[in-house]
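Structure at a glance
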Amino acid sequence: EYSNEPKTDMVPDAITVFGQTPKSDGTPSSGMLSRLEVALKLAERYPNAVIILSGGDVKTEYTEASVMKTWLVEQGIAESRIILDEAARDTLGNAIGTLIELEKRDAHKLIVVGTMLHIPRATTTMTLYAEHQGYDLEIDSVGGGEVAVFVGVSAVL
């Protein structure tokens, strides 16, 4: 089960937010904002964790990572904690860029942030990629937004 709280008591070395397309004016979309609100709460709870923001300019001229950075800095998160991965264009790209940054820092405890709908795919992709690379990684995950169940189908409100 996924929720907007970590499932374990692990203290992360890093928090990574898998991006989502921003609005065309370069501000967070509702899905991105739900991820950012969770990331902000986690950043405040774990002040020693670096924050990896992952996402390129997939559907707008703005990179997902830079839009997320602007919002988090406006909320009081120190720029020095934030690492941008502006090359990622999909979930696998998020996992690749995140692992590169984790390896640079010898970080092995990670919380992955996405929306409730995206977090199963994001966590699975990150886990499988780390295993494929032979990188020892402990992963927890947190989803933003609310989950509603409609006749066996899950959707983000």
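Now for a quick tour of the structure. (Residues numbered from 1 in each chain as written. Predicted model: local features only at pLDDT ≥ 70, side-chain atom pairs only at ≥ 80, totals over all residues. Heavy atoms only, no water.)

Section: the pairing of strand β3 (residues 82-85)
Here strand β2 (residues 50-54) runs beside β3; their pairing, made up of four bridges, is parallel. If you follow Leu53 over to β3, its bridge partner there is Leu84. On the question of chirality, the crossover connecting β2 to the parallel β3 by way of helix α2 (residues 64-74) is right-handed. (Pairing = 2+ DSSP bridges. Helix = DSSP H or I, 4+ residues; strand = E, 2+ residues; numbered from the N terminus. Right-handed = clockwise from strand over helix to strand, strands pointing away.)

What to know about helix α1 (residues 30-45)
Compared with an ideal rise of 1.5 Å per residue, which puts 16 residues at 22 Å, α1 spans 23 Å between its outermost C-alpha atoms and is within 8% of the ideal. Taken together, the buried positions of α1 are Gly31, Met32, Ser34, Arg35, Leu36, Val38, Ala39, Leu40, Leu42 and Ala43. Buried residues along α1 sit against β1 (14-18), β2, α2, β4 (109-115) and β5 (138-144). (Expected span 1.5 Å × (residues − 1). Buried < 20%, exposed > 50% of the residue type's maximum accessible area, 1.4 Å probe, protein only. Contact = heavy atoms within 4.5 Å.)

Quick word on the sheet that holds β3
Pairing within the open sheet is parallel, and its five strands lie in the order β3-β2-β1-β4-β5. Each edge of the open sheet is held by one strand with a lone partner, namely β3 and β5. On average, each strand axis in the sheet is tilted by 20 degrees relative to the strand beside it, whichever way the strands run. As paired strands, β1 and β4 are joined by four bridges and run parallel to one another. Residue Val17 lies in a different strand from β4, and its bridge partner there is Val113. Lying on the sheet, α2 is in contact with β1, β2 and β3; it crosses β2 at an angle near 140 degrees. (Axes fitted to C-alpha atoms, helices over the stretch in contact; angles between N-to-C directions.)

Remarks on the packing of α1 against α2
Between α1 and α2, the shortest axis-to-axis distance is 11 Å and the interhelical angle comes to 50 degrees. When the interaxial angle is binned, α1 and α2 end up oblique. The crossing of α1 and α2 is right-handed. On α2, the residues that touch Met32, Leu33, Leu36, Glu37 and Leu40 of α1 are Glu64, Val67, Met68, Trp71 and Leu72. (Parallel < 35°, antiparallel > 145°, perpendicular 65-115°, else oblique. Left-handed = near helix turned anticlockwise from the far one by under 90°.)

Observations regarding the pairing of β5
By the criterion of burial, β5 is predominantly enclosed, with five of the seven residues buried. Here β4 runs beside β5; their pairing, made up of seven bridges, is parallel. Each bridged residue has a counterpart across the sheet, and for Lys109 the counterpart in β5 is Glu138. Note that the unit made of β4, helix α4 (residues 119-133) and β5 has a crossover that is right-handed.

Regarding α4
Compared with the 21 Å implied by 1.5 Å per residue over 15 residues, the 21 Å span of α4 between its first and last C-alpha is a close match. Burial in α4 covers these residues: Ile119, Ala122, Thr123, Thr125, Met126, Tyr129 and Ala130. All buried residues of α4 lie within an arc of 165 degrees about the axis, which places them on one face of the element. Those residues of α4 that are exposed and aimed more than 90 degrees away from the buried face are Leu128, Glu131 and His132. Against β1, α3 (91-105), β4 and β5 lie the buried residues of α4. Where α4 terminates, the next one or two residues include Gly134, which has phi positive at roughly 75 degrees. (Arc of directions from axis to C-beta.)

In short, shape yes, function no, at least from these values alone.
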